[in-house]
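Geometric and topological summary
Read off the chains here:
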Amino acid sequence: MILFTTTGLFALLLASIPVGIILILLSIALDTFFSPFPLMRGLGQVVWSSSNSGTLIAIPFFVLLGEILVRSGVASRTYNALNSWLSWLPGGLIHANIATSTLFSATSGSSVATAATVATVATPQGDRLGYDPRLFTGAIAAGGTLGIMIPPSINLIVYGFLTETSIPRLFLAGLLPGILLALLFMAVVIALCVWKPSLGGQRPDYTWSERMRGLPDLLPVMGLFATIVVTIYAGIATPTESAALGVVFALAIAALNRALTLQMLNEALRGTIKTTSMIMLVVIGAYVLNFALTALGISRQLQQLLEGLGLGAYGTLLVIVLIYIVLGFFIETLSLMVATIPIVVPIIESFGFDKIWFGILMIVLIEMALITPPVGLNLYVVQSVRKRGKMGDVVAGAIPFVLVMLGMVGLLILIPGLALWLPDTL
């Protein structure tokens, strides 16, 4: 059954069938060929129970929040303000890319949306100031990955739902690793630009008065992040209620920027419907597959297989990490996550690892998949916005940041407190 499940999954993926449909088809095939009971008679109940959750309502709210911010002109103002404060560092404008990605990650919850937003604003300035196109675009693609780590994160919401884990605790667990990852990205840029100054392009000088004038442009995004985080952790609102409050805040920002029009709302709602529909189809498919795998005992078989290797807890964890790295080359990130969670998380728990800690470790591995070819979505997003040059430039520019993420995986394994200190303390 394990071989059938694995080969069936890859065969259907190669057929370019939507992943949500693949998971349901694979479940039906497992029921047809291996189950003595008609499992799919419970399909309606499984689909209903997987989608009838107040927690999942947070997803369209956070998607809508990001859509409104992208279309309200906040990105360019935030970017220019951060550039004025960070331009003195080696690689000046590249740090603005990473810092802007970090701030937008703290509001949109989507890596692809973050990368597209920053690339649209940053690319013209990078070309004008003569920055190395590889490092410049690679930093945008890597910075965009922070959207699924720094709270609020749609992927963490899905992980929490599928593993029955506290979403506020997951948000707290992702905060420190996300900020540390952003700082490590900036450290790598500084090191590369000190080693080879030509990578950094021109660095315009800003006066202190110009920097101070830009501070008000940072307040909307920072205020939005504070509103979401404080309301969740002060117990004022659930993640879903906080997401709804964030949408109201984003609408107010759009109104202040005179960007709140019927056309903008129409575009934002259409984008939200498309993205949410895709996510929910994948989540429902994962829930159905999880039902089939559990009923047939495949998860237990995999656990026994890994335990039979005699590698111990950390040896098994290393095998799982390697599997995620390899699968990340070929499978889209959310699909990879939901397809593997029902199988991997029970194994991780059986070896005594913390589910919240592993969720953050998984997110770092998923982030790597966003910037590794041939399926790295952020690479394609940045190249599509760039509209010139070779795709290989973006791939080459992302390599240093992939190495940083590998280092972060090692740090999380060596120091689990990076993820667990905040949720255990607050």
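Structural data are supplied above this passage.
Described in the following lines is the structure provided in the data block. (Residues numbered from 1 in each chain as written. Predicted model: local features only at pLDDT ≥ 70, side-chain atom pairs only at ≥ 80, totals over all residues. Heavy atoms only, no water.)

1. Remarks on the overall build of the protein
Across its full length, the protein carries 21 helices and 0 strands. For 426 residues, the compact-globule formula gives about 22 Å, and the C-alpha radius of gyration of the protein, at 22 Å, lands near that figure. Looking at the protein as a whole, 54% of its 426 residues are labelled buried. Excluding contacts between residues fewer than 6 apart, the proportion of contacts in the protein whose partners are at least 24 apart in sequence is 80%. Only carbon and sulfur atoms are counted for the fraction: they give 69% of the accessible area of the protein, which is about 17600 Å². When the 19 basic and 17 acidic side-chain charges of the protein are each reduced to a single mean position, those positions are 10 Å apart. (Helix = DSSP H or I, 4+ residues; strand = E, 2+ residues; numbered from the N terminus. Rg over C-alpha atoms; globule rule 2.2 N^0.38 Å. Buried < 20%, exposed > 50% of the residue type's maximum accessible area, 1.4 Å probe, protein only. Contact = heavy atoms within 4.5 Å. Areas by Shrake-Rupley, 256 points an atom, 1.4 Å probe, with all protein chains shown as cover. Lys, Arg positive; Asp, Glu negative; His and termini not counted. Charge placed at Lys NZ, Arg CZ, Asp CG, Glu CD.)

2. Section: the environment of Ala252
Turning to its location among the elements, Ala252 is positioned in helix H13 (residues 239-256). On the accessibility criterion, Ala252 (39% relative accessible area) is partly exposed. Note: C-alpha distance between Ala252 and Pro220 (32 residues apart in sequence) is 9.6 Å.

3. Overview of the nonpolar core
The biggest cluster of nonpolar side chains holds 130 residues, and the ones touching the most others in it are Val158, Phe185, Met337, Trp357, Phe358 and Ile371. Residues in contact with Phe185, not counting those within four places in the same chain, are Ile98, Ala142, Gly143, Thr145, Leu146, Phe401, Val404 and Met405. (Core = buried A, V, L, I, M, F, W, Y, C linked by side-chain atoms within 4.5 Å.)

4. Topic: the environment of Ser166
By secondary structure assignment, the location of Ser166 is in the loop between helix H9 (154-163) and helix H10 (167-195). For Ser166, a relative accessible area of 32% puts it in the partly exposed group. Through-space distance from the C-alpha of Ser166 to that of Pro423 is 9.9 Å; in sequence the pair is 257 residues apart. Engagement of the side chain of Ser166 in a polar contact is seen with the backbone nitrogen of Arg169, the distance being 3.3 Å. (Polar contact = N/O pair within 3.5 Å; in protein donor to acceptor, adjacent residues only side chain to side chain.)

5. Comments concerning the packing of aromatic side chains
Applying the stated criterion across every chain yields a total of 4 aromatic pairs. For the pair Tyr314 and Phe353, a centre-to-centre distance of 5.3 Å together with 85° between the ring planes defines the contact as edge-to-face. Of this pair, Tyr314 sits in helix H16 (residues 312-328) while Phe353 sits in the loop between helix H17 (333-350) and helix H18 (355-370), and the two are 39 residues apart along the sequence. Relative accessible area serves as the criterion here: at 13%, Phe353 is assigned to the buried category. (Phe/Tyr/Trp six-rings, centres within 6.5 Å; stacked < 30°, edge-to-face > 60°.)

6. Observations concerning the side chain of Thr163
Within the element layout of this structure, Thr163 appears in helix H9. Within polar-contact distance, the side chain of Thr163 engages the backbone oxygen of Tyr159 at 2.6 Å. Side chain to side chain, Thr163 and Thr165 meet in a polar contact 2.7 Å long. Apart from residues no more than four positions distant in its own chain, Thr163 is found in contact with Ile341, Val345 and Lys355.

7. Brief notes about unusual backbone geometry
Positive phi is not limited to glycine here, since Glu164 has a value of about 55°. As for its position among the elements, Glu164 is in the loop between H9 and H10.

8. Some details on the pattern of salt bridges
Scanning the model with the defined rule gives 2 salt bridges in all. Linking Arg134 and Asp132 is a salt bridge whose minimum nitrogen-to-oxygen distance equals 3.7 Å. Looking at Asp132, the relative accessible area reads 14%, which means it is buried. Taking the shortest distance from any N to any O, the salt bridge between Asp424 and Arg169 comes out at 3.3 Å. A residue pair is termed long-range when its members are at least 10 positions apart, and Asp424 in helix H21 (residues 417-425) and Arg169 in helix H10 qualify at 255 residues. Given the relative accessible area of 29%, Arg169 is considered partly exposed. (Salt bridge = Lys/Arg side-chain N within 4 Å of Asp/Glu carboxyl O.)

9. Quick word on a nonpolar patch on the surface
A cluster of nonpolar residues, Ile21, Leu25, Ile28 and Leu281, forms a patch on the protein surface that exposes about 270 Å² of accessible area. For the nonpolar patch, the element with the most residues is helix H2 (residues 19-34), which contributes 3 residues. Position of Leu25 relative to the elements: it lies in helix H2. Among the residues examined, Leu25 registers a relative accessible area of 38% and is labelled partly exposed. (Patch = residues over 30% accessible without salt bridge, like charges linked within 9 Å, V, L, I, M, F, W, Y side chains within 5 Å.)

10. Here's the deal with helix H5 (residues 74-86)
The end-to-end C-alpha separation of H5 is 18 Å, in line with the 18 Å expected for 13 residues at 1.5 Å each. Looking only at H5, the buried set comprises Val74, Ala75, Thr78, Tyr79, Ala81, Leu82, Asn83, Ser84 and Leu86. (Expected span 1.5 Å × (residues − 1).)

11. Looking at H13
Across its 18 residues, H13 extends 25 Å between first and last C-alpha, which sits within 8% of the 26 Å expected from 1.5 Å per residue. For H13, the complete set of buried residues consists of Pro239, Thr240, Ser242, Ala243, Gly246, Val247, Ala250, Ile253 and Ala254. Down the axis, H13 shows its buried residues gathered within 150° of arc, on one side only. Residues of H13 that are exposed and point more than 90 degrees away from the buried face comprise Val248 and Leu256. (Arc of directions from axis to C-beta.)

12. Section: the packing of H10 against helix H20 (residues 391-414)
Running from N to C, H10 and H20 cross one another at 140°; their axes reach a closest spacing of 10 Å. On the basis of their axis angle, the class for H10 and H20 is oblique. When you trace H10 past H20, the crossing you get is right-handed. For the pair H10 and H20, contact is made by Pro177, Leu180, Leu181, Leu184, Phe185, Val188, Val189 and Leu192 and by Pro400, Phe401, Val404, Met405, Met408, Leu411 and Leu412, respectively. Grouping the amino acids of the contact of H10 with H20 by side-chain chemistry returns 15 nonpolar, no polar and no charged. (Axes fitted to C-alpha atoms, helices over the stretch in contact; angles between N-to-C directions. Parallel < 35°, antiparallel > 145°, perpendicular 65-115°, else oblique. Left-handed = near helix turned anticlockwise from the far one by under 90°. Nonpolar A, V, L, I, M, F, W, Y, C, P; charged D, E, K, R; others polar.)

13. A short note on the environment of Leu426
Locating Leu426 in the fold gives a position in the segment after H21. According to the relative accessible area criterion, Leu426 is exposed, its value standing at 68%. Sequence-wise, Leu426 and Tyr233 are 193 residues apart; in three dimensions their C-alpha atoms are separated by 8.3 Å.

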